[in-house]
Amino acid sequence: MAPPQGSRAPLEFGGPLGAATLMLLFPAIMFHLLLAVRSGPARLLGPPPYLPGLETLWSPWALLLCFTWLGLQAALYLLPARNVAEGRELKDKKRLRYPINAFQALVLTALLVGLALLAGLPLGKLPEMFLPLAFAATLIAFVGSVLLYLKALVAPASALAPGGNSGNAVYDFFLGRELNPLICSFDLKFFCELRPGLIGWVLINLTLMIKEAELRGSPSLAMWLVNGFQLLYVGDILWHEEALLTTMDIVHNGFGFMLAFGDLAWVPFAYSLQAQFLLYHPQSLGFPMASVICLIKAVGYYIFRGANSQKNIFRKNPSDPRVADLETIPTATGRQLLVSGWWGMIRHPNYLGDLIMALAWSLLCGVSHLLPYFYLLYLITLLVHREARDEQQCLQKYGLAWQEYCRRVRYRIVPYIY
Ligand SMILES: NC(=O)C1=CN([C@@H]2O[C@H](COP(=O)(O)OP(=O)(O)OC[C@H]3O[C@@H](n4cnc5c(N)ncnc54)[C@H](OP(=O)(O)O)[C@@H]3O)[C@@H](O)[C@H]2O)C=CC1
Ligand SMILES: CC(C)CCC[C@@H](C)[C@H]1CC=C2C3=C(CC[C@@]21C)[C@@]1(C)CC[C@H](O)C(C)(C)[C@@H]1CC3
């Protein structure tokens, strides 16, 4: 049995109390959003329109549907991949190997959904099942996290995550104890991070568009755009799947309730909020406003993709001609830090791009309600907190070089503001 790492690793998320609060708060917020969005006033703040009973939330069909979805995505994960990538070196000096075929999974899912539509599958009925589906996804995330926690009890110490092994059961359950839980060579965290949730989000958006077409004859311009923008976002992340291997979620975080719930329930059901809002609260969007919003989205995407690609290319091969001219700071680890280009303007240009895109998605819902802006407010909170965590980890990794970087690049996310 692996011993806990002890209390040396600093506790994040406000320790056990913070973890317990988040574990209750996030599912509660998700159900509040699902209930509020379909109510007349669509209020973000204030009590939910009603409290659903267990008979509204629980459906064995919804559970079956969630398992079928997970099974389908797992089968697509196991298909031959265009590329196999190696992860970062682990404590036992080994590197795990990952199939890079998430974009292929998206395309194959789209083909299967197309066939299902041709066969007459009533996908427009799915929005009526969101509450039981979200409940089933939460249940799977909870039970899955319990199993992951138990699995970690018999894992070797070298398999444990840097955080998530404080010895406090609540905190460790939330953050996750094992870094890369595997079933044979199937990496459960890597699989869950992108595919079921992100592809599920796009599918949920599509069902909302179908439902709108059934109700009103055709989807609105705003619904087309929100579907297109978010499909572009998800497609882009899946296309650049390999970049996931260097994120803190894969390198640092264990696989616990935070990621299991975040990936399987929160992403598909909370991130589709704008499309849900448009179904129940149609907005008339004129072409001039639509053009402005498309421009905002394009600017956000340009920054997001430019910054992420520049860092990924540099991390893969610092002498690549596309990044070889950029100024860098050497670090004691042998790796360098970019101090010009996107990463010389602010410390997290990719977050800024992400936030600008989130603004564009929310603007599609008009300005009459605060509810569709929840995603933007949430993303600001998530990324500000994530930036602080990343900063701590970089300070530990790079020490003085990181301090020098922070001295030269003063602003974190928004130039001259933050
Ligand atoms: N919509 C959502 O819910 C979320 C979206 N995202 C998005 O995902 C993307 C990835 O974000 P995330 O995983 O948080 O982290 P980042 O891609 O920002 O990666 C941070 C890491 O980059 C490296 N780095 C930092 N500064 C430099 C520099 N100057 N030069 C070279 N390398 C540097 C460091 O790692 P090292 O040196 O070890 O390589 C650091 O730990 C972002 O675009 C973000 O917006 C993220 C989370 C949630
Ligand atoms: C307190 C709650 C229970 C936890 C909520 C947090 C989660 C919603 C997020 C934690 C890390 C996430 C990541 C993404 C989505 C949100 C969650 C699950 C991510 C898949 C989004 C797209 C990015 O490009 C990414 C780097 C792949 C993200 C990985 C982390």
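Here's a quick rundown of the structure. (Residues numbered from 1 in each chain as written. Chains lettered and ligands numbered in written order. Predicted model: local features only at pLDDT ≥ 70, side-chain atom pairs only at ≥ 80, totals over all residues. Heavy atoms only, no water.)

We now examine the pattern of salt bridges. A complete count under the given rule lists 15 salt bridges for this structure. Among the salt bridges present, the one from Glu-86 reaches Arg-97, with a minimum N-O distance of 3.9 Å. Of this pair, Glu-86 sits in strand β1 (residues 84–86) while Arg-97 sits in strand β2 (residues 97–99), placing them 11 residues apart in sequence. The exposure class of Arg-97 is exposed, given its relative accessible area of 52%. Across the pair Glu-391 and Arg-412 runs a salt bridge, and its minimum N-O distance is 3.6 Å. Pair noted here: Glu-391 is in helix α15 (residues 374–398) and Arg-412 is in the segment after α16 (400–408), with a separation of 21 residues, a long-range link. Here the salt bridges share partners, and the residues they tie into one network are Arg-347, Glu-387, Glu-391 and Arg-412. (Salt bridge = Lys/Arg side-chain N within 4 Å of Asp/Glu carboxyl O. Helix = DSSP H or I, 4+ residues; strand = E, 2+ residues; numbered from the N terminus. Buried < 20%, exposed > 50% of the residue type's maximum accessible area, 1.4 Å probe, protein only.)

Before going further, it helps to spend a moment on the state of the cysteines. Per the stated rule, a full pass over the model turns up 0 disulfides. Cys-66 takes part in no disulfide bond, and the closest cysteine sulfur to it belongs to Cys-192, at a distance of 12 Å. Under the relative-accessibility criterion, Cys-66 is labelled buried at 12%. Cys-365 forms no disulfide, and the closest cysteine sulfur to it belongs to Cys-294, at a distance of 14 Å. Exposure remark for Cys-365: the relative accessible area of 0% places this residue in the buried category. (Disulfide = S-S within 2.5 Å.)

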